[in-house]
Amino acid sequence: MGEGIKSFDCAGHTTREINSFLKSVATSGPEAAAALVHPDSRHNLAVGITQPLSITIDGNVGYYCAGLCDGIDVEINGDAGWGLAENLMSGSVILHGSAGSAACATVRGGFVAIQGDAGARCGIAMKGGTVVVGGNVGTMSAFMMQKGVLIIGGDAGPGLGDSLYEGKIYIAGTAEAMGSDAVEAEMTEDDLILVAEALAKAGIDKDPSTFRKIQSGKKLYNFNTKEKEIWKTAL
Amino acid sequence: MCGIAGVINLNGSDPSYPVGASLMTLAACLQHRGTDSAGIAVFGPHPGKAGMQSLEVIIPERLPEPRIVYDLGQGMLSDLDIVPEGFKAAVKLGDGDPVKEIIALVSRIETGLPGSVVTSYGEFMSVRKVVGEAVGLSDAVSDWTGTHGIAHLRLATESKIDPAHAQPFWGRPYPDIAVTHNGHITNYYKMRKRFEARGFTLASHNDSEIIGLYLGEKMAEGYTLKESLEAARTDLDGSFSFIVATAKGLGVTRDPIATKPLLYCEKDGLVVLASEQQGLRHLMGETVTVKEIKPLEVRVWEKE
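Residues numbered from 1 in each chain as written. Chains lettered and ligands numbered in written order. Predicted model: local features only at pLDDT ≥ 70, side-chain atom pairs only at ≥ 80, totals over all residues. Heavy atoms only, no water.

### With respect to the confidence of the model for chain B
- Taken residue by residue, chain B gives an average pLDDT of 96. The fraction at 70 or more is 100%.
- Across the whole predicted complex the pTM is 0.95, and at the interface the ipTM reaches 0.91. (pLDDT = per-residue confidence, 0-100.)

Laid out in structure tokens, this is it:
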């Protein structure tokens, strides 16, 4: 344990006590650091922290870990339940295991790396930030993704990028079925650099040139009402 | 919201796995998902009773005199025994259609003993359901052993709170089938009407109850458990993650939108399922590999 890292054993404490501890450490300055042991797959750990804090969690976490945070850096040595890093404003979350459904829902900024797999609805309604998944993502991932970047090292379940806006998806594996108005686009040099940098930051060893880009076909919200056939197909 | 759990010991034919205690561990970890009711169904051979069917009844009033129960049984019941909040009895079928006989027997009991509900019927199955939290089950079920079982924590959404409306539901009238369900079957009333028109009855107005009846009927028609679940995932409308337990094992499926969770792990011949991961790790270790049943996936684990 390094100097200045405040450790807390979750066993025998309420979730409120654990989060209060984290918030109190967060006020100690820009180098604030905390470590949690025995998280025991609890829900709602490290939520609502809006001052700089570096957190290491040694074990598995439940739902909404690191949700509603701004400017924190979290590293989790285990699996996560649903809603990992939900609504992250800025900062980073690194998950060494796999995440459940709705991981990175409505993320607005910052960087999330999931080294294993993610469940259904990964990156649903993202509004910014970068999410990198080393493995597979589940059904309806990036559903209604408005902005931001989702990078998928493995495969995606059906409905990938359904109703996408300006979000960008990069996928190395196969998408079981594309979502409504999600289309493949040319990878540019800038795309390759973006993917390479994100993979490196996420600690995921994959060749950027194996990724394909998926973006919005822009037919769902830009169409001519007179072109009824397009209306029917897009919807 | 509801929490569901299941466990099966696939190692040999050992009937002494602590199914009850394992399910109680899972239930404690899932308790926050529903505090309205809790229930457990455990499957295992009953010593000295191979090949014999028995049924279990919950009765909120004083227990009736045995003579009254035997009269209602019309010769089908014997070996009456007291269980918490009710009784159990051995069942002997006549020569008629077993489905019709069981439907009629259950009807006679539930009409003849107002407020009672038959919660279990089969050779291997035992069911205990209570209003309130899972701790209310522990005295009864903590030392139940067997081969497999399922559990339920209820957060009531559309029907009333009493033991009859709690899960797991016996798939009446079929023997040795019970279901624990998280979700909402939206074509319940349509299905219920069709089943009732053909003479089937249900214990409650809880939509979850239709699942066991649907699966039981499919298997009575010759479908395997796997085929029954493949049919169920298309025929059932609404949200569902459920575990069905039969004499031989467990089966699961999830609806395609998959908003109701179902995780599992397999290790050393044990398969454990639950809505959330904490209980899996309490039973099988912090580092066990936990996977999620995929939307529309059908999995079956059966003993030989």
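### Notes on the interface of chain B and chain A
- Each partner contributes to the interface: chain B provides 17 residues, whereas chain A provides 16 residues.
- Carbon and sulfur atoms make up 38% of the surface buried where chain B meets chain A, a total of about 1,100 Å² over both sides.
- The largest share of the area that chain B buries against chain A comes from Gln277, Gln278 and Glu286 of chain B, three residues that together contribute 35% of it.
- Summed over the shared surface of chain B and chain A, the number is one salt bridge.
- Across the pair Asp79 of chain A and Arg281 of chain B runs a salt bridge, and its minimum N-O distance is 2.8 Å. (Contact = heavy atoms within 4.5 Å. Buried area = accessible area lost by both parts, 1.4 Å probe. Salt bridge = Lys/Arg side-chain N within 4 Å of Asp/Glu carboxyl O.)

### Brief notes about the packing of aromatic side chains
- All chains considered together, the criterion is met by nine aromatic pairs over all chains.
- For the ring pair Tyr264 of chain B and Trp301 of chain B, a centre distance of 5.7 Å and an interplane angle of 55 degrees mean the geometry is tilted. Taken together, the positions of Tyr264 of chain B in strand β13 (residues 263–267) and Trp301 of chain B in strand β16 (residues 298–302) put the pair 37 residues apart, joining distant regions of the chain. Both residues of the pair, Tyr264 of chain B and Trp301 of chain B, count as buried.
- Cluster of aromatic residues (ring-pair linked, three or more members): Tyr63, Tyr64 and Trp82 of chain A.
- The lysine or arginine in question, Lys201 of chain A, covers the ring of Phe111 of chain A, its NZ or CZ lying 4.4 Å from the ring centre. (Phe/Tyr/Trp six-rings, centres within 6.5 Å; stacked < 30°, edge-to-face > 60°. Helix = DSSP H or I, 4+ residues; strand = E, 2+ residues; numbered from the N terminus. Buried < 20%, exposed > 50% of the residue type's maximum accessible area, 1.4 Å probe, protein only. Lys NZ or Arg CZ within 6 Å of the ring centre and 35° of its normal.)

### Side note on helix α1 (residues 19–30) of chain B
Residues and elements named next belong to chain B.
- In this model α1 runs 16 Å from its N-terminal to its C-terminal C-alpha over 12 residues, within 8% of the 16 Å that 1.5 Å per residue would give.
- For α1, the buried fraction is high: nine of the 12 residues fall into the buried class.
- The complete set of buried residues in α1 reads Val19, Gly20, Ser22, Leu23, Met24, Leu26, Ala27, Cys29 and Leu30.
- In the core, the buried residues of α1 are packed alongside β1 (3–9), β2 (37–43), α4 (135–141), β8 (148–154), β14 (270–274) and α8 (277–284). (Expected span 1.5 Å × (residues − 1).)

### A look at the sheet that holds strand β4 (residues 77–83) of chain B
Residues and elements named next belong to chain B.
- Taken in spatial order, the four strands of this open sheet run β4-β5-β3-β6, and their pairing is antiparallel. Unpaired on one side and paired on the other, β4 and β6 (117–122) mark the two borders of the sheet. Taking each pair of neighbouring strands and ignoring which way they run, the sheet shows an average axis angle of 20 degrees.
- Across five bridges, strand β3 (residues 53–58) lies against β6 in antiparallel orientation. When the bridges of β6 are listed, Ile58 appears paired with Val117.
- Against the sheet, helix α2 (residues 66–73) engages β4 and β5 (86–91), with an angle of about 135 degrees to β4.
- The strands touched by helix α3 (residues 98–112) are β3, β4, β5 and β6; relative to β6, the strand with the most contacts, the crossing angle is about 150 degrees. (Pairing = 2+ DSSP bridges. Axes fitted to C-alpha atoms, helices over the stretch in contact; angles between N-to-C directions.)

### Some words on the pattern of salt bridges
All names here are of chain B.
- Tallied over the entire structure, the rule returns 15 salt bridges over all chains.
- The salt bridge partner of Arg192 is Glu196, with a shortest N-O separation of 2.9 Å. Of this pair, Arg192 and Glu196 both sit in helix α5 (residues 188–197), separated by four residues, roughly a single helical turn.
- Take Glu196: its relative accessible area is 37%, and that puts it in the partly exposed class.

### Focus on the nonpolar core
- With 52 residues, the main nonpolar core has Leu53, Leu84 and Ile114 of chain A as its most contacted residues.
- Take this core: its biggest share by element is five residues, from helix α1 (residues 15–26) of chain A.
- Residues in contact with Leu53 of chain A, not counting those within four places in the same chain, are Leu22, Val25, Ala26, Ala32, Ala33, Ala34, Gly71, Ile72 and Asp73 of chain A.
- Counting residues in hydrophobic clusters, the runner-up holds 36 residues, among them Ile59, Met76, Val118 and Val252 of chain B. (Core = buried A, V, L, I, M, F, W, Y, C linked by side-chain atoms within 4.5 Å.)

### Things to note about the sheet that holds strand β1 (residues 5–9) of chain A
Residues and elements named next belong to chain A.
- With mixed pairing, 11 strands are arranged side by side in an open sheet as β1-β2-β3-β4-β5-β6-β7-β8-β9-β11-β10. Among the strands making up the open sheet, the edge pair consists of β1 and β10 (182–185). When strand polarity is set aside, the average angle formed by the axes of neighbouring strands in this sheet is 15 degrees.
- Both strand β3 (residues 53–58) and strand β4 (residues 72–76) contribute to a ladder of five bridges, which runs parallel. Bridged to Leu53 within β4 is Ile72.
- In this fold helix α2 (residues 189–202) packs onto β6 (111–114), β7 (127–133), β8 (147–152), β9 (168–171) and β11 (212–216), with an angle of close to 70 degrees to the strand it touches most, β8.

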